[in-house]
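Remarks on the overall topology
Listed below, chain by chain, are the residues.
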Amino acid sequence: AQTVTQSQPEMSVQEAETVTLSCTYDTSENNYYLFWYKQPPSRQMILVIRQEAYKQQNATENRFSVNFQKAAKSFSLKISDSQLGDTAMYFCALNNAGNMLTFGGGTRLMVKP
Amino acid sequence: NAGVTQTPKFQVLKTGQSMTLQCAQDMNHNSMYWYRQDPGMGLRLIYYSASEGTTDKGEVPNGYNVSRLNKREFSLRLESAAPSQTSVYFCASSVGRIAREAFFGQGTRLTVV
């Protein structure tokens, strides 16, 4: 079985500052994908960033970057220059070689003006 | 440009009633999924369909049935609704077995009274 754990139920950050959301996971597979999804109040699930486990280089998408530590099974999301529109629930997710996309419990991020 | 379409968006049921949630995708994806989202628990997989004609149980299948009607459509049925099934339901689809990204519908908020 695979598990994903997000230990921070809620976080807040001042606009323009940097925040890091934590995620740890467990899987017995060697080939898998990791994702961060954003869910704003509209309820829509939006892919923020993804990382293939076989790639050592950390993924980056504009203001979003990850710190992927495969040995430690850690996958944190860093948001730089936080904007009010970043306020949302953030979910870490793991997809192994099968069809199971497993989600963590989520972190509610509030960006304060 | 529809992506994944779910109907209905909102539904209130009485305990013991039945209903079917509909999902359709227009991206020619092989895999489709049904998740439920409860507060503080992230998204949990109910059932998935790796390809047309196949369905498999996920983490929380009890009380639900699914049908992969064709490649586009994947429905979720509640035969006898219970208050514990009050949740937000998401349908998703992905390219294939090792999904690089899942695309989500906008969710159905179901309340069972």
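Our subject in this report is the structure included herewith. (Residues numbered from 1 in each chain as written. Chains lettered and ligands numbered in written order. Predicted model: local features only at pLDDT ≥ 70, side-chain atom pairs only at ≥ 80, totals over all residues. Heavy atoms only, no water.)

So, about the state of the cysteines. Residue and element names in this part refer to chain A. Taken as a whole and judged by the stated rule, the model has two disulfides over all chains. One disulfide in the model links C23 with C92; its S-S distance is 2.0 Å. Every disulfide takes its handedness from the sign of the S-S torsion; for C23 and C92 that torsion is -70°, giving left-handed. Taken together, the residues span a long stretch of sequence, with C23 in the loop between strand 3 (19-21) and strand 4 (24-26) and C92 in strand 10 (residues 88-95) at a distance of 69 residues. With relative accessibility at 3%, the residue C23 sits in the buried group. (Disulfide = S-S within 2.5 Å. Helix = DSSP H or I, 4+ residues; strand = E, 2+ residues; numbered from the N terminus. Buried < 20%, exposed > 50% of the residue type's maximum accessible area, 1.4 Å probe, protein only.)

With that settled, the discussion passes to the interface of chain A and chain B. Each partner contributes to the interface: chain A provides 19 residues, whereas chain B provides 27 residues. Buried area between chain A and chain B, summed over both chains or domains, comes out near 2000 Å², and the portion from carbon and sulfur atoms is 54%. At the junction of chain A and chain B, the tally comes to one salt bridge. Joining chain A to chain B, the criterion identifies six residue pairs in polar contact (both at pLDDT 80 or more). When residues of the side of chain A that touches chain B are traced back to their parent elements, those giving at least two are strand 5 (33-39), strand 6 (46-52), strand 10 and strand 11 (101-103) of chain A. Element by element, the count of residues in the side of chain A that touches chain B is highest for strand 5 of chain A, at four residues. Looking at the side of chain A that touches chain B, its residues break down into ten nonpolar, seven polar and two charged. (Contact = heavy atoms within 4.5 Å. Buried area = accessible area lost by both parts, 1.4 Å probe. Salt bridge = Lys/Arg side-chain N within 4 Å of Asp/Glu carboxyl O. Polar contact = N/O pair within 3.5 Å; in protein donor to acceptor, adjacent residues only side chain to side chain. Nonpolar A, V, L, I, M, F, W, Y, C, P; charged D, E, K, R; others polar.)

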